[in-house]
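Architecture and fold: a report
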Amino acid sequence: MRKKRTIRLPCLLLTGLGGITLVAIIAIGLAAQPLPGPVAIATDLPTATPTAPAPPPANPLEQQEAALQPRFRAELNGLAQAPRYFIQASVDPGTGQVTGQMSVEYTYRGVQPLTELAFRLLPNAQAIYGGGSLTVENVTQKGRSLQTTLAQGRTGLRVSLPQPLQPGQMTALSIAFRAQVPAGSGQGYGIFSRSQESLSLAGWYPLLALYQDGWQTPPVPAVGDAMWAETSLYDVRLIVPSGYEVVSTGTAIERQDKAGQSTWHIVSGPAREFALAMSNRFEQRETQVDGVRLRLYTLPARAAATAPDEALKMMAAAFKAYVARFGPYPYTEFDLVEAAVDIGGYEFSGMVYVDYNRRVRGPFEPYRYLSAHEIAHQWWYNLVGNASVDEPWLDEALASYAAVLYLQYAGDAQGAARLLESWKADYGLRRPGDPPVDSSALLFSNWVAYRRTVYYHGALFLDELRQTLGDERFFALLQRLQTRYRYRMMTTGDFLREAEDIAGHDIAALWARWFR
């Protein structure tokens, strides 16, 4: 078994900045290279069946402080009514089986009495996740079994409540679940999959749907992202074979090794979801920016177009630019982990996946753009949320244009100009009859059309808006959005209203060229 190797580079410090903080999906036409040679994975290790999660601590918010920098811990007080997940699960990387028990606390903030809760079972979708499964075995409330109904091709679960939930009232449900992670199924993006090298777990547990004038459970689109959830707090205990590194949302506060198994205790801080990756072959490198630990987890390669040390430097430079342009990142750490992601990369709260081949096979500039794009989603998706199916431009266009801002901030004006010109050359400006930038992901059946409208026309709109406002006002707009909508959901209407307020006049003509 290959042990993790840790390499630390000098810290990059950034001071004197005020302010605040995933689904980017980029396919780059590179030849695929198989991951390095297979590693034998023991399948006869003792398997722990998780018991019910331990009772919540007396003050769950206090335990969540470990995931946040000290100057941001008071923000937890504003999340006292956010959903809280307490999960205990065992993960077998050899078979791909996940067995879990979950308690979720939900405070209802609607107006009319609520008769049911809605959950998403995303691994059951053929698109995005594809090839695996997520099964709920039972749901109880205070020991009483509740009636459940599968919906939307088994990607939705409705739980009937014995008594309607009144506005302001909290309920707690216990859920037993089991997931099967596919091995190279060829379906989906590879974000819920396993290989000889690693295991990627996205959407692996029942996710509470967003309640906003009713439960928001849109269909899983053919392209784009299906993750649409409100900011929540996670307390997770994972039981895995010893020797495996767990890279996840949040911060590990304890690890215990016993009888061939490791138990990881992780708290998330404010997060849209909880994702993780596992491997016994990760090589770790680390640096620091603005008090945040940046960790890069790579898989071994005999030769690589971009060396891991260079990748870490690029990661730190992008992070530094985003802190300057968007506002500080409130968490203690951020992880970029290599995985087998067919679409190039994918973002989650506190971490991102980037495909192994993008770094190993190059070229450098597409890999740099991909990584910078995914990192930017920590601000545009995780901190400031949006309806990822209905209005995906709000995070995808901002994450795409963020790469331009990073290159300019890092002193590579020519690289930024090349990126903008490549979008214009490859996708053109919006023409009459083209879909508007704020189109739903459900309107698209292929990545070329989706990226053209949502990613690149959206980014070109932002560039034109910047020229209209000027740099000072444009960057003030980005920081205002981060401050006002942090841990909340932003809409297209919110963006327009804030942009016009910063401008001091309407921007109707500019808006019409891209959105009407």
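As the structure is a computational prediction, the values presented were derived from the model and not from experiment.

**Examining the overall build of the protein chain**
A count of helices and strands for the protein chain gives ten helices and 26 strands. Within the structure as shown, the protein chain displays about 19100 Å² of accessible surface, and the carbon and sulfur contribution to it stands at 49%.

**Looking at the environment of Gln 212**
Note that Gln 212 resides in the loop between β13 (210–211) and β14 (215–216). A C-alpha to C-alpha distance of 9.2 Å links Gln 212 and Arg 109, two positions 103 residues apart in sequence. Among residues more than four places away in sequence, those in contact with Gln 212 are Trp 228 and Met 489.

**Observations regarding the pairing of strand β23 (residues 345–348)**
Covered by surrounding structure in β23 are Gly 345 and Glu 347 together with Tyr 346 and Phe 348, the residues of both alternating faces. Taken together, the four bridges between β23 and strand β24 (residues 351–355) define a ladder with antiparallel strand orientation. In the strand pairing of β24, Gly 345 is matched with Val 354. The turn joining β23 and β24, which pair antiparallel and follow one another in sequence, is formed by two residues; a positive phi near 80° is taken by Gly 350.

**Points about the pattern of salt bridges**
This structure, assessed with the given rule, holds 26 salt bridges. We note a salt bridge from Arg 295 to Glu 286, for which the minimum N-O separation is 3.2 Å. The same class applies to Arg 295 and to Glu 286, which are both buried. The closest approach of N and O atoms between Arg 480 and Asp 501, which form a salt bridge, is 2.6 Å.

**Considering the sheet that holds strand β4 (residues 114–120)**
Taking strand neighbours across the sheet as the criterion, the four strands line up as β7-β8-β4-β12 in an open arrangement whose pairing is antiparallel. Two strands in the sheet have a free side with no partner beyond their single neighbour: β7 (148–151) and β12 (207–208). Pairing geometry for β4 and strand β8 (residues 156–165), over six bridges, is antiparallel. Its bridge partner being in β8, Leu 114 is matched across the sheet by Leu 165.

**Observations regarding the sheet that holds strand β9 (residues 170–180)**
Reading across the sheet, the eight strands line up as β6-β5-β9-β3-β2-β15-β18-β17 and stay open at both edges, with mixed pairing between neighbours. Whereas interior strands pair on both sides, the edge strands pair on one side only; in this sheet they are β6 (144–145) and β17 (251–258). Two elements, strand β3 (residues 97–107) and β9, share eleven bridges in a ladder whose sense is antiparallel. Across the sheet, the residue bridging to Val 104 is Leu 173, located in β9.

**What to know about the nonpolar core**
Core analysis: the largest hydrophobic core is formed by 163 residues, its most contacted members being Trp 204, Leu 238, Tyr 322 and Phe 495. Contact partners of Phe 495, with chain neighbours within four places excluded, come to Trp 393, Leu 394, Phe 461, Leu 462, Leu 465, Leu 477, Leu 481, Met 490 and Trp 511.

**Notes on the packing of aromatic side chains**
The full count for this structure, using the stated rule, is 42 aromatic pairs. Both rings, one in Trp 393 and one in Phe 495, keep their centres 5.2 Å apart while their planes meet at 75°; by these two values the pair is edge-to-face. Remark: Phe 495 occurs in helix α9 (residues 492–503) and Trp 393 occurs in helix α5 (residues 393–409); sequence separation between them is 102 residues. Overall, Trp 393 belongs to the buried group, its relative accessible area being 0%. Ring centres of Trp 447 and Tyr 450 lie 5.4 Å apart, and the angle between their planes is 80°; this geometry places the pair in the edge-to-face category.

**Some details on unusual backbone geometry**
Omega for the bond connecting Gly 362 with Pro 363 falls within 30 degrees of zero, at -5°, which places this linkage in the cis form. Relative to the helices and strands, Pro 363 resides in the loop between α3 (356–360) and α4 (364–376). You will see that Ile 128, though not glycine, has its phi angle at about 70°, which is positive. Relative to the elements of secondary structure, Ile 128 occurs in the loop between β4 and β5 (133–141). Its identity as a non-glycine residue notwithstanding, Asp 213 has a phi of 55°, on the positive side. On the accessibility criterion, Asp 213 (80% relative accessible area) is exposed.

**Structural notes on the environment of Ala 321**
Assignment of secondary structure puts Ala 321 in helix α2 (residues 308–326). Note on Ala 321: relative accessible area 0%, which makes it buried. Considered as a pair, Ala 321 and Leu 407 are 86 residues apart in the sequence and their alpha carbons are 8.4 Å apart. Every residue in contact with Ala 321, bar those within four places of it in the chain, is listed here: Tyr 406 and Tyr 409.

**Considering the pairing of strand β19 (residues 276–279)**
With burial as the criterion, each face of β19 is covered, one bearing Leu 276 and Met 278 and the other bearing Ala 277 and Ser 279. In the sheet, strand β11 (residues 199–201) pairs with β19 via three bridges, with the strands oriented antiparallel. Bridge pairing links Ser 200 to Ala 277 in β19. Sheet topology places strand β16 (residues 245–248) next to β19; four bridges connect them, and they run antiparallel. Paired with Glu 245 across the bridge in β19 is Ser 279.

**Side note on the confidence of the model for the protein chain**
Averaged over the protein chain, the pLDDT score is 90; the fraction of residues at 70 or greater is 88%. Segment residues 1–48 is flagged for pLDDT under 50; beyond a separation of four residues in sequence, or across chains, it makes 164 contacts in the model.

**Description of the environment of Thr 306**
Tracing the chain through its elements places Thr 306 in the loop between β21 (292–298) and α2. C-alpha of Thr 306 to C-alpha of Arg 368: the two residues are 62 residues apart in sequence and 9.5 Å apart in space.

**Observations regarding the packing of α5 against helix α6 (residues 413–427)**
Running from N to C, α5 and α6 point in directions that differ by 155°, and their axes come no closer than 7 Å. By the angle between their directions, the pair α5 and α6 is classed as roughly antiparallel. Pair α5 / α6 crosses with left-handed handedness. Contacts between α5 and α6 involve Ser 400, Tyr 401, Ala 403, Val 404, Leu 407 and Gln 408 from the former and Ala 413, Gly 415, Ala 416, Leu 419, Leu 420 and Trp 423 from the latter. In the contact of α5 with α6, the residues fall into nine nonpolar, three polar and no charged.

How each quantity is defined
- Residues numbered from 1 in each chain as written.
- Predicted model: local features only at pLDDT ≥ 70, side-chain atom pairs only at ≥ 80, totals over all residues.
- Heavy atoms only, no water.
- Helix = DSSP H or I, 4+ residues; strand = E, 2+ residues; numbered from the N terminus.
- Areas by Shrake-Rupley, 256 points an atom, 1.4 Å probe, with all protein chains shown as cover.
- Contact = heavy atoms within 4.5 Å.
- Buried < 20%, exposed > 50% of the residue type's maximum accessible area, 1.4 Å probe, protein only.
- Pairing = 2+ DSSP bridges.
- Salt bridge = Lys/Arg side-chain N within 4 Å of Asp/Glu carboxyl O.
- Core = buried A, V, L, I, M, F, W, Y, C linked by side-chain atoms within 4.5 Å.
- Phe/Tyr/Trp six-rings, centres within 6.5 Å; stacked < 30°, edge-to-face > 60°.
- pLDDT = per-residue confidence, 0-100.
- Axes fitted to C-alpha atoms, helices over the stretch in contact; angles between N-to-C directions.
- Parallel < 35°, antiparallel > 145°, perpendicular 65-115°, else oblique.
- Left-handed = near helix turned anticlockwise from the far one by under 90°.
- Nonpolar A, V, L, I, M, F, W, Y, C, P; charged D, E, K, R; others polar.

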